[in-house]
Number of protein chains: 2
Amino acid sequence: MTSLDKFINDNRNRYESELMDWLKIPSISTDPAYKADVKRGAEWLAERFRSLKFKTELIETCGHPLVFAEAPSVPGAPTVLVYGHYDVQPPDPLDEWVTPPFQPSIREGKVFARGATDDKGQMITHLFGAEAWIKTVGKLPVNLKFLIEGEEECGSEGLYEFLAGKYDSPLRTAQQMIQADIVVVSDNAQYGPGQPAVTYGLRGIAYFEIRLTGPKQDLHSGLYGGSISNPANALARMLAALVDENGRIQLDGFYDDIIELSDNEREQFAALGFDEQAYFAGVGVTGGFGEAGYSALERRWARPTCDINGLWSGYQGAGAKTIIPARAGAKVSFRLVPNQQPEKVHAALKAKLESLCPPGIILELISIHGAPGSMVPLDSPYMTAAARAIEKGFGKAPVFIRSGGSIPVVNAFAERAGMDTLLLGWGQDDDNLHSPNEKFLLADFHRGIATSAHLWEEIGKISTT
Amino acid sequence: MTSLDKFINDNRNRYESELMDWLKIPSISTDPAYKADVKRGAEWLAERFRSLKFKTELIETCGHPLVFAEAPSVPGAPTVLVYGHYDVQPPDPLDEWVTPPFQPSIREGKVFARGATDDKGQMITHLFGAEAWIKTVGKLPVNLKFLIEGEEECGSEGLYEFLAGKYDSPLRTAQQMIQADIVVVSDNAQYGPGQPAVTYGLRGIAYFEIRLTGPKQDLHSGLYGGSISNPANALARMLAALVDENGRIQLDGFYDDIIELSDNEREQFAALGFDEQAYFAGVGVTGGFGEAGYSALERRWARPTCDINGLWSGYQGAGAKTIIPARAGAKVSFRLVPNQQPEKVHAALKAKLESLCPPGIILELISIHGAPGSMVPLDSPYMTAAARAIEKGFGKAPVFIRSGGSIPVVNAFAERAGMDTLLLGWGQDDDNLHSPNEKFLLADFHRGIATSAHLWEEIGKISTT
């Protein structure tokens, strides 16, 4: 056992005690009544960084402050940026908590408290991982920066203003502050109990609203029906034309740029033994549907989609109303895989819809937001470093997974600073984040600390020249 | 000039005076505050029939009474049933009336009052048409019955109960009371100013609600998208498959039974000189759309349609919500032409939707209501009789037109007693029925009376053996 491992093992009780203190602070960012508590959370955290001799700043924003902390420079070593958040979701409904949300309670090896897993408990493992180096070796083997925000649960407005340079000073810009070789985030879950994972890919998104306008008012469908275009009929035709019966998206060039799943990835996904039938039953359906030729897991994680998110036209009440609606509309979004560009999807969608727009219908296509997908190459040295660290910290090699969702801050780091993000989740899917009785397994908390300490070592071995 | 024409001409002032009295009664059927006035309307009318020695009954129903009146029998002659209504729409908004709705006022040859055209003013022309015969010849040339209801503007519940036999007595059933060779209704408009018309066909309807259910709750479109069927996507596919790009409805056998427009009908429609561009501009669209190979008028009047009347799913608010909706639904209706059966459409729609329903989606198809189309053959002797009478009464031959709407009472007469209905409208499209300043051109009122008197004569010539 190295001195590092010994230190971590010897400090288990203190880690838990500090975690309890940390979770007692009700840093609820959405509720103005907790503004002082949120500030107290930022100060508690900043004080911890200062005690490790990190250069630490509370950056005041339009909302709650950002905590930025930077360890003393390690020339020649790679630079890591840890992103996380110290704010938490509101705890309502309070009466469903077995123990109060801000009085952390340990039961069956789990700590129950708001913020236990999302994200205070996970985030702080990296602080302890750094501390172990400083307290044993005297310094870190990497250049380490922390950017911990207080508004992740309420829109991150301050963070985005910071990243956009709004709080830059002549001495240092946000761009310089955050610049790193890799970003590390622990704000998600393992693949399952006992199976740690590295999430190396996220899907992007291109979200649109379609508005069709027909006659100047709803018309009697008997007296007018058959003579003019019905916006709802036109909308159905347009939407149906976006995906074929095999689940393939029918926009020109849609699949041209995408990075296909490698054989290696498909083998790794298949080896996970994902139980499709149990998954379908879990969401209450008798079977799945999607792009032919891919498993459900491949379709969720690594294939693009086209989903109608909302639909409206005419009469939605009980019984019959015999009208040709004046208007119809839809929300439609595409999940994108790495290397697809939202702008190209927008252009192809526009061309497709225009080609299907019948006489007498005015089409408006509004782009609501877009972000490309992201992926850290499986053969990246940072992936290898993360895998080695997890194997040491968890005693089990991680699986390499993707997520079908989009994480805006990951896109922001990629777009603003060209940085890849390693998503190293220590939580579990059933941790009740955003729900009553949020929890975090203490064994995973300690494994996370050990993994973090090893991660700095493994990343420190990577040559940056 | 015959004695009949002379009588009608000599009584113009009295007709107008009686019309004024008749329009003063605020027989607003929807508002319980006017219950006594509605009753007074029924009694006023019954009294007029009694004075002509019609056997007259006020039939009390669940709602307002029906007025049934039958002229003395004319053995061997055809039997005519005149249907109409003595109730009126509420007059709101009152402050938009130039003169009060129940103080009839004559301006520029038109009488302004609630009920002037819909339907008191039009209906009573047939009473005066009968009176002219009785006061000059001493008897009618046909067997004539009137069934005038007081709930046309509020759902006709009493009428339908009556037709269903609810108020039958051992002496006489509704079926026997209404039985006739032809039904005459004057409750609609001429083709245009100076151009009387016979409306000889109506479309039917088959109205449905489609409900699709997918996952047990809305799901995150990033985490789940691509793996399961999205009910909104499935709905769009189903709805789009109902009509092709040429406006042809894609249900199996949909066009098999329909009575095609004859060359004669198409020529007559074309001769109307319907201005499509003005019509499109009037409803606020730049162009029309519908079944290829037919004019807009043909498509409105005599071709079936499939219109989405309502559409709903997922998120309908501002901005983005990234969900796979748990449910999606639509109201869809088909306008049917004569000889199409709503039940067959229902079955074909069900088969079509089921064939398109993807895995993991539960489909419900609800039939809300259905009624077949109706048409009086252009070569029917009753059509010829109506045309001759109109030519005499209006001094101009009528055009033969259809309407794209459905009139439930016409269907009820056809279904319950196998009776065709002649729709002989004396009104104009701009008569403001259901709006402030409802009006009726007095010249048309008098032409209607003359036409009615001639109609009894012309129908009287038809052999019923």
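These numbers come from a predicted model, not from an experiment. (Residues numbered from 1 in each chain as written. Chains lettered and ligands numbered in written order. Predicted model: local features only at pLDDT ≥ 70, side-chain atom pairs only at ≥ 80, totals over all residues.)

### A closer look at the domain arrangement of chain A
All names here are of chain A.
- Segmenting chain A into domains produces domain 1 (3-202 + 374-460) and domain 2 (204-258 + 304-371).
- Here the C-alpha centre of domain 2 lies 40 Å away from the C-alpha centre of domain 1.
- Opposite the 7 residues of domain 1 that make contact, domain 2 presents 5 residues.
- Looking at side-chain class alone, the side of domain 1 that touches domain 2 contains 2 nonpolar, 5 polar and no charged residues. (Domains from an automatic or database assignment. Contact = placed C-beta atoms within 7 Å. Nonpolar A, V, L, I, M, F, W, Y, C, P; charged D, E, K, R; others polar.)

### Concerning the sheet that holds strand E9 (residues 204-213) of chain A
- The strand order across the open sheet formed by 8 strands is E14(A)-E9(A)-E13(A)-E11(A)-E11(B)-E13(B)-E9(B)-E14(B), and the pairing between neighbours is antiparallel. Each edge of the open sheet is held by one strand with a lone partner, namely strand E14 (362-371) of chain A together with strand E14 (362-371) of chain B. The sheet shows a mean angle of 20° between the axes of neighbouring strands, taken without regard to direction.
- Helix-sheet contacts for helix H7 (residues 231-240) of chain A involve E9, strand E11 (305-314) and strand E13 (327-336) of chain A together with strand E11 (305-314) of chain B, and the interaxial angle to E13(A) is about 15°. (Pairing = 2+ DSSP bridges. Helix = DSSP H or I, 4+ residues; strand = E, 2+ residues; numbered from the N terminus. Axes fitted to C-alpha atoms, helices over the stretch in contact; angles between N-to-C directions.)

### Observations regarding the interface of chain B and chain A
- Residue-level contacts link 68 residues of chain B with 68 residues of chain A.
- Residues that form the side of chain B that touches chain A fall into these classes: 28 nonpolar, 29 polar and 11 charged.

### A word on the relation of the copies chain B and chain A
- The operation relating chain B to chain A is a screw motion whose rotation component is 180°, with 0.1 Å of axial translation and a residual RMSD of 0.1 Å. Considering both components of the superposition, the chain copies are consistent with a two-fold axis.
- Interface overlap between copies is the fraction of interface residues in one copy that are interface residues in the other; for chain B against chain A it reaches 100%, indicating a shared surface. (Least-squares fit on C-alpha atoms with pLDDT ≥ 70 in both.)

### Quick notes on the packing of helix H1 (residues 3-10) of chain B against helix H4 (residues 120-136) of chain B
Residues and elements named next belong to chain B.
- At a closest axis distance of 9 Å, the pairing of H1 and H4 adopts a crossing angle of 120°. With respect to H4, the element H1 is oriented oblique. Helix-helix and strand crossings are classified by hand; for H1 and H4 the assignment is right-handed. Here H1 contributes Ser3, Leu4, Phe7 and Ile8 to the contact with H4, which in turn contributes Ala132, Trp133, Lys135 and Thr136. (Parallel < 35°, antiparallel > 145°, perpendicular 65-115°, else oblique. Left-handed = near helix turned anticlockwise from the far one by under 90°.)

### Observations concerning the packing of helix H2 (residues 12-24) of chain B against H4(B)
Residue and element names in this part refer to chain B.
- Contact pair H2 / H4: the axes reach a minimum separation of 11 Å and the direction vectors enclose 135°. Of the possible angle classes, the one that applies to H2 and H4 is oblique. The way H2 lies across H4 gives a crossing that is right-handed. Contacts between H2 and H4 involve Tyr15, Leu19, Trp22 and Leu23 from the former and Lys120, Gly121, Ile124 and Phe128 from the latter.
- Residues of the contact of H2 with H4, tallied by class, amount to 6 nonpolar, 1 polar and 1 charged.

### Focus on H4(B)
All names here are of chain B.
- Across its 17 residues, H4 extends 24 Å between first and last C-alpha, which sits within 8% of the 24 Å expected from 1.5 Å per residue.
- H4 sits mainly inside the fold: 14 of its 17 residues count as buried.
- A positive backbone phi angle near 95° is found at Gly138, which sits one or two residues after H4. (Expected span 1.5 Å × (residues − 1). Buried ≥ 20, exposed ≤ 12 C-beta atoms within 10 Å, placed from the backbone.)

### Looking at the pairing of strand E7 (residues 182-185) of chain A
All names here are of chain A.
- Here E7 shows two buried faces, one formed by Ile182 and Val184 and the other by Val183 and Val185.
- Pairing of strand E3 (residues 79-85) with E7 involves 4 bridges; the strand directions are parallel. Within E7, the position partnered with Val80 by the bridge is Ile182.

### Let's talk about the nonpolar core
- Within the largest apolar cluster, 244 residues are counted, with the highest numbers of intra-cluster contacts made by Val67(A), Leu235(A), Leu239(A), Val67(B), Leu235(B) and Leu239(B).
- Contacts of Leu235(B), omitting those with residues within four sequence positions, involve Ile210(B), Leu212(B), Ser313(B), Ala328(B) and Ala330(B). (Core = buried A, V, L, I, M, F, W, Y, C linked by C-beta atoms within 7 Å.)

### Let's talk about the sheet that holds strand E18 (residues 439-441) of chain B
Residues and elements named next belong to chain B.
- Read across the open sheet, the 3 strands follow the order E4-E5-E18; overall the sheet is antiparallel. Both edges of this open sheet fall to strand E4 (105-107) and E18, since each of them pairs with a single strand only. Strand-to-strand twist across the sheet, computed as the mean angle between neighbouring axes with direction ignored, equals 25°.
- The strands touched by helix H15 (residues 442-460) within the sheet are E4, strand E5 (110-112) and E18, with E18 carrying the most contacts at an inclination of about 65°.

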